[in-house]
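A closer look at the structure
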Amino acid sequence: MDSHNKFSVVSLRTLKTAMITTGIGALVIVLGELAAKAMTTSEALDFVKNSAQRIDTTMNTSRNEVGSLEMAFEKLRKSKEKQVAMDKKIKKGGKDVVVLQEQKNRLMSKQTSLLRTINPVAKTYNTSLLDEKSTLEDINKAYNDIIPNLKNNMIAKAFATLS
């Protein structure tokens, strides 16, 4: 606190003491103090309420983004597992090869769509982009790189709403 503010505080305290000692001034001081406390409390409550609403909105949006991405990763993993199993059956040959190949093509089309959801986020976090040739290991690594960063970012966004 600088000397000007210290002087002001001391002066106000002196004035307050003088008014209290006169009797009627005490009532004025008490009413003034109550009004100041009420205003300060009301302003503080409004600030906390508004801050909580902003944090809640930010967290909900971020949770939805993380949830959607986690779901896309899970679908991609399952799809890749099915593709690996189909590839083994196709290699063995047999009468169902044509049907399996058609199923595999549809599956790969779904994978491409999932990659369009995942890769823009991967690019944001400077992780390597996935493609149709990515292995389960590549998918799991990308998941482990992206999701924790996204969750940390979610927390940082929530705190940023307070400033």
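Residues numbered from 1 in each chain as written. Predicted model: local features only at pLDDT ≥ 70, side-chain atom pairs only at ≥ 80, totals over all residues. Heavy atoms only, no water.

Here's the deal with the overall build of the protein
Of the regular secondary structure elements, the protein holds four helices and zero strands. Reading the protein from its N end, one meets helices and strands in the order α-α-α-α. Across the 163 residues in the protein, those meeting the buried criterion constitute 24%. The contacts in the protein between residues at least 6 apart in sequence include a share of 64% that link residues at least 24 apart. For the protein, the computed accessible surface area is about 11,600 Å², with 60% contributed by carbon and sulfur atoms. (Helix = DSSP H or I, 4+ residues; strand = E, 2+ residues; numbered from the N terminus. Buried < 20%, exposed > 50% of the residue type's maximum accessible area, 1.4 Å probe, protein only. Contact = heavy atoms within 4.5 Å. Areas by Shrake-Rupley, 256 points an atom, 1.4 Å probe, with all protein chains shown as cover.)

A few points about the nonpolar core
Side chains of nonpolar character tend, in soluble globular proteins, to be buried together. Core analysis: the largest hydrophobic core is formed by 17 residues, its most contacted members being L69, F73, L76, I118, L130 and I146. Of all elements in the fold, only α2 (24-92), α3 (97-124) and α4 (136-160) reach the threshold of two or more residues within this core. With six residues, the top contributor of residues to this core is α4. Apart from residues lying up to four places away in sequence, F73 is in contact with I118, L130, I139, A142, Y143 and I146. (Core = buried A, V, L, I, M, F, W, Y, C linked by side-chain atoms within 4.5 Å.)

Topic: the pattern of salt bridges
Under the criterion given, the structure shown has four salt bridges. Among the salt bridges present, the one from E74 reaches R77, with a minimum N-O distance of 3.1 Å. Of this pair, E74 and R77 both sit in helix α2, separated by three residues, roughly a single helical turn. Between K141 and D145 there is a salt bridge, with its nearest N and O atoms 2.9 Å apart. Here K141 pairs with D145, and both are found in helix α4, just four residues apart, close to one helical turn. Relative accessible area serves as the criterion here: at 26%, D145 is assigned to the partly exposed category. (Salt bridge = Lys/Arg side-chain N within 4 Å of Asp/Glu carboxyl O.)

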